[in-house]
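Read off the chains here:
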Amino acid sequence: MRHHLQNSVKLALFICLFAALELKAQTSFQVAGQVTGDDRTPLPGVTVALKGTSTGTITNASGRYTLTVPDSRGTLVFSFIGYTTQEVAINNRTTLDVTLVTDTKSLKEVVVVGYGTQRKIETTGAIASVKAEELTQTPVVNVAQGLQARVAGVQVTQNSAAPGGNISVRVRGTNSINGSSEPLYVVDGVPISNNGGVNEISSLSTINPNDIASVEVLKDASATAIYGARGANGVVLITTKRGKAGATRVTYEGYYGVQNITKKMDLLDASQFATLENEIYKTTLFPDPASLGKGVDWQDLIFRQAPMQSHQISVSGGSEKTQLALAANYFNQEGVIISSDFKRYSLRLNLDHAISNRVKTGVSFLGSYTINNSIPTGSTSMDGPAVTTSILGAALGAPPTMQPYRDNGTIYPFTEQFSGRYREVTNPLGLAAILNRDAINRSITNIYAEASVLKNLTYRASFNAILQSSLGDNYSPLSILGQGDINANSGSAGKTNGNTTVLLHESILTYARIFTDKHSLKFTGVVSSQANLNNSNSISANGFPNDATLNESIQLAANRTVSSSRSKERLDSYMARLNYGFKDKYFLDLTARADGASKFGANHKYGFFPSAAASWRLMEESFMENLTFISDLKLRASYGITGNAGAISAYQSLATVSSGAGYAFNHLYLFGISPTRIPNPDLRWEKSTQADIGLDVSFWNNRLNLVVDVYKKRTDDLLYVQGLPLSSGYSSITGNFAGLENKGIEVATNVVLLDGPVQWDISGNISANRNKVLSLDGGTTQERFVSSYTILKVGEPLGLFKTYVFDGIYQSGDAIIPGSDGRVGGVKVKDLNNDGSITADDQTITGNPNPNIIFGFSTNLRYKKFDLSAFFSGSQGNDIYNLSRYTFENPLGARNVLATLADRWSPSNPSNEYVSGFQGGRNPISDRFVEDGSYVRCKNLTLGYTLPSFKYLSNARIYLSGNNLFTLTKYSGFDPEVNSFGNSNTLIGIDNLVYPAARTFIGGVQLTF
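Because the structure is predicted, anything quoted here is derived from the model rather than measured.

What counts, and where the lines are drawn
Residues numbered from 1 in each chain as written. Predicted model: local features only at pLDDT ≥ 70, side-chain atom pairs only at ≥ 80, totals over all residues. Heavy atoms only, no water. Helix = DSSP H or I, 4+ residues; strand = E, 2+ residues; numbered from the N terminus. Rg over C-alpha atoms; globule rule 2.2 N^0.38 Å. Buried < 20%, exposed > 50% of the residue type's maximum accessible area, 1.4 Å probe, protein only. Contact = heavy atoms within 4.5 Å. Lys, Arg positive; Asp, Glu negative; His and termini not counted. Charge placed at Lys NZ, Arg CZ, Asp CG, Glu CD. Pairing = 2+ DSSP bridges. Axes fitted to C-alpha atoms, helices over the stretch in contact; angles between N-to-C directions. Core = buried A, V, L, I, M, F, W, Y, C linked by side-chain atoms within 4.5 Å. Domains from an automatic or database assignment. Phe/Tyr/Trp six-rings, centres within 6.5 Å; stacked < 30°, edge-to-face > 60°. Polar contact = N/O pair within 3.5 Å; in protein donor to acceptor, adjacent residues only side chain to side chain. Salt bridge = Lys/Arg side-chain N within 4 Å of Asp/Glu carboxyl O. Patch = residues over 30% accessible without salt bridge, like charges linked within 9 Å, V, L, I, M, F, W, Y side chains within 5 Å. Areas by Shrake-Rupley, 256 points an atom, 1.4 Å probe, with all protein chains shown as cover.

Bringing the overall build of the protein into the picture now. Across its full length, the protein carries 11 helices and 49 strands. Scaling as 2.2 N^0.38, a compact globule of 1009 residues should have a C-alpha radius of gyration of about 30 Å, and the protein matches this with 33 Å. Projected onto its principal axes, the C-alpha positions of the protein cover 105 × 100 × 65 Å. The buried share among the 1009 residues of the protein stands at 51%. Put simply, 68% of the contacts in the protein that link residues at least 6 apart link residues at least 24 apart. One way to put it: in the protein the 87 positive side-chain charges average out to a point 7 Å from where the 82 negative ones average out.

The subject of this paragraph is the sheet that holds strand β3 (residues 56-58). Read across the sheet, four strands follow the order β3-β2-β5-β6 without closing on themselves; strand pairing throughout is antiparallel. Single-partner strands in this sheet number two, and they are β3 and β6 (86-89). The mean angle between the axes of side-by-side strands here comes to 20°, regardless of whether they run parallel or antiparallel. Direction of pairing for strand β2 (residues 47-50) relative to β3: antiparallel, over a ladder of three bridges. Within the sheet, the bridge partner assigned to T47 lies in β3 and is I58.

Before going further, it helps to examine the sheet that holds strand β44 (residues 879-882). Read across the sheet, three strands follow the order β45-β44-β48 without closing on themselves; strand pairing throughout is mixed. Taken across any chain shown, the strands that pair with only one partner, and hence form the sheet edges, are β45 (930-932) and β48 (990-991).

Its identity as a non-glycine residue notwithstanding, N92 has a phi of 65°, on the positive side. Along the chain, N92 turns up in the loop between β6 and β7 (98-100). Within the chain, Y651 stands out as a residue other than glycine whose phi angle is a positive 70°. Mapped onto the elements, Y651 comes out in the loop between β29 (630-644) and β30 (656-665). Looking at Y651, the relative accessible area reads 37%, which means it is partly exposed.

So, about the environment of L588. By the secondary structure assignment, L588 is in strand β27 (residues 586-597). Residues L588 and Y804, 216 residues apart in the sequence, show an inter-C-alpha distance of 54 Å. Residues in contact with L588, not counting those within four places in the same chain, are L578, N579, Y580, A613 and A614.

All right, on to the nonpolar core then. Membership of the largest hydrophobic core comes to 47 residues, with the highest contact counts inside it found for W298, F303, I337, I391 and L392. Core analysis: the next-biggest nonpolar cluster, separate from the first, contains 27 residues, A144, V169, L204 and L366 among them.

Here the focus is the environment of T174. Within the secondary structure, T174 is located in the loop between β12 (168-171) and β13 (184-187). Through-space distance from the C-alpha of T174 to that of N882 is 22 Å; in sequence the pair is 708 residues apart.

Looking now at the domain arrangement of the protein. Domain parsing of the protein yields domain 1 (28-99) and domain 2 (110-242). Computed over C-alpha atoms, the centres of domain 1 and domain 2 are 43 Å apart.

What follows covers the pairing of β12. Residues S168 and R170 point to one face of β12 and V169 and V171 to the other, with burial holding for every one of them. Here four bridges tie strand β11 (residues 154-157) to β12, and the two strands are oriented antiparallel to one another. By the bridge assignment, V156 is partnered in β12 with V169.

It is worth spelling out the packing of aromatic side chains at this point. Applying the stated rule across the entire model yields 26 aromatic pairs. Here the aromatic rings of Y115 and Y227 are separated by 5.3 Å at their centres, their planes lie at 25°, and the arrangement is stacked. Taken together, the residues Y115 in the loop between β8 (110-113) and β9 (116-119) and Y227 in the loop between α5 (221-224) and β16 (235-240) connect sequence positions 112 residues apart. By the burial criterion, Y115 is buried, and Y227 matches it. Here Y345 and Y369 contribute two aromatic rings whose centre-to-centre distance is 6.4 Å and whose plane-to-plane angle is 20°, an arrangement assigned as stacked. With Y345 in strand β20 (residues 341-354) and Y369 in strand β21 (residues 359-373), this pair connects stretches of sequence that are 24 residues apart. Here Y345 falls in the partly exposed class, since its relative accessible area comes to 37%. Members of the aromatic cluster, joined through ring pairs, are Y789, F801, Y881, Y886 and F929.

Tracing the sequence through the fold places S980 in the loop between β47 (955-969) and β48. From its side chain, S980 meets the backbone nitrogen of N992 in a polar contact 2.7 Å long.

A word on the pattern of salt bridges. Taken as a whole and assessed by the stated rule, the structure comprises 48 salt bridges. Across the salt bridge formed by D473 and K495, the nearest N and O atoms sit 2.5 Å from each other. Taken together, the positions of D473 in strand β23 (residues 457-476) and K495 in strand β24 (residues 492-515) put the pair 22 residues apart, joining distant regions of the chain. We classify D473 as buried; its relative accessible area is 5%.

Okay, the environment of K585 next. Tracing the sequence through the fold places K585 in the loop between β26 (559-582) and β27. Looking at K585, the relative accessible area reads 11%, which means it is buried. For the pair formed by K585 and Q555, sequence separation is 30 residues and the distance between their alpha carbons is 73 Å. If sequence neighbours within four positions are ignored, K585 has contacts with S615, W616, R617, E620 and E621.

Turning to a nonpolar patch on the surface, a few remarks are in order. A cluster of nonpolar residues, L753, L754, V758, W760, L861, Y863, F866, L868, L941 and L943, forms a patch on the protein surface that exposes about 810 Å² of accessible area. Elements that contribute at least two residues to the nonpolar patch include exactly β34 (732-755), β35 (758-775), β42 (853-863), β43 (866-876) and β46 (935-947). Turning to its location among the elements, L941 is positioned in strand β46. Exposure remark for L941: the relative accessible area of 38% places this residue in the partly exposed category.

Pasting the structure below:
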């Protein structure tokens, strides 16, 4: 019975299997064929997919494929990089041979250049493009943040991670000493600049990154010479989104996220601090330190989880004659440190209208209103002031034994606690209560008219304006002071009003013609005139009766000071550029520009800036025909001269006077006017001469693209302060007395790994730049200190650290070297010249803040309706001088220190690393605080999903994003991406408690109607 049952089961299974195979044979369909190019050569690696499904395959080395599909009624999609995608219906055919046509889109791809556009294959200079979606992949406040690690040769440093905080951008290195090294930014044809200190708001933060369509970075002299006296530091061209003919589209983009601090400093707790205080002062300040426990964590009181959000509505569309793009945006970012935030309201309008077939006109308008509430971070002072002027310094130095609030909830000043013993340290909550607010109204307007004057000849006139007004408010209240410290001068306030007007007119004449289908010629001529007008007035006061009116009734103050300023400058320019091409094989660009600036010296009002560049597309040569794996190959070379007029401020070449010190006259105290600057009629622009050789190559139908550039740039006539004999009545004169050199290599690549149902691409770039000082003070000076630890030295890079060499801690029985700390338990430094004493001659170069390489890497993966992207950035080989560690690794008493000081030297713990506590002690400036600043950071990881569309919703995407997810570094501070001295060219790589970066998680949605 059992045997019969087993046989029956086997028979049933066999019948089911046979039926399944028969069913499959009846319902499946196999199609095969060969895919060739339009030159009839087989194409391996072509993706062949059944439309609307994940079923697919790729062609083999002979271009052949075989694919099994459910039935014979489907459609096959043939796609390959460098060729136009084709869809072919099966229609019961078992053999489908397909010929793919070369996609000429890459030959027609256009990039923005100065005062025009060019086909990408025609470019002879070093130009990098960044797409809008790359800029906004991370929730950036300004466009420069979005460029970080995206462009080879461009170093972007977030000097302060405060909301709206400032950044520094260096294109191919630092090009100045006392002038600006920031590139010129051109927004829809209107030039703007970005400068400022570490606690100032970035001017780029007034521009909404979501309004940007594309960014081109011009790096070599060929690309930047067209901007003449303003092109030496590179040029960033920003093009905003414009309307297109077609149906009206309404788009909403929004996200909401939370930010958290990534790191806290480990400090002594209350019991450890009390023990240290007893040691330092050799008395029982705290009878029972162990009973105090952990105490107050001041970092927890100033750090918070902070929200950020952005909402934008855009409308675009139009007819063949009129196109419109309109967008409104609201952005709000609260800081991870209390009392800090940044808000921006922005409006963009781009309108283009064709009056006739020969005449068109248009307007671009960018308007914004920003409000920035800031708190003081990033002190530029050493030791004590860093604890009292920076909220981070105050939080690290505040004794954990003190209390933050009184019983009534108000801020408890330290002067009222512990008999005022810790009055030299500030309650950090008091610094957070100080009002520091900047409100800026800014508009950038461009109005143009363009006419086809004759065949191939076009004239364009544009009228541009930047209007900016700002109001700065500050108030330090009486409530944060101890009752015993309040006097007639207590409480301070201020108001500052600033107005900037930039007016620019440009007339552009363009002649373009193609001769006999072989020769292309384009001439561009420009005449422009720009005027910059600035004025400001401010009032500061102290001695308020109470905090009732903050800084809105300054007339109540006992003491008031008023100041004002006004400046005006003008730049007139004349430019010509000739572009010639032959058979899309050889290209030649010649550019010349003359700039006349009112701020130059009387003997050098005009500067001349020429450049020449050529490129050779080897792919058009007959000897390349058999190298089918190479899609495109181009060699580029350029040489030119550019200037840096931004290094000179208005009236700097003239003799100036200002209000001097007060004096008594006829029983009255009066203020006089005194001379402040000696004239220099030879003052002129800083001049950069640059040579560049580049290679652009693509492989396997543009599946792999590579761009390599090698450059050398020499900058002469650098602004430098030269000392004068005091008998002259002046201490110094500013002139063109120094020189710099930058040279380096840049490599950028992108690879399409998969382009079928699963699409995967990666991009990366790496850059190495080396700079050195060529001359200082006209050759008189070979080395000078810029700070206690930073030098300028001829033949060496900028900003080197020069310090003593740490040699451990003096132990019992050691001989104390004269000139050192001079005590057992104190710091020992090396006597490098072996003269038996510690002097300035024992200092040596101990660090270099300039990186060996900077790099970026991104990858994008798409499958069906899912998309996943990741973005990394990094820097290797740069040193950081950790000035905050210098301050908080010194147990001098009356302030807290780092937790590592629990292992300080004592007779029972002969540490050779950490000094013993010593009242008022000072540590020497040594290489102990020079740290490796190398890092690799995960800037962004995003997962998105595109929802199905329906009648009124053409596209909908939702996404989750994490930013600054992790950083791999050996640096001990808050963040390795730091500089307390903002955009300084000589004080770089210095960390003195700058606003730290936050880790952010956001969720967003993108809807198109």
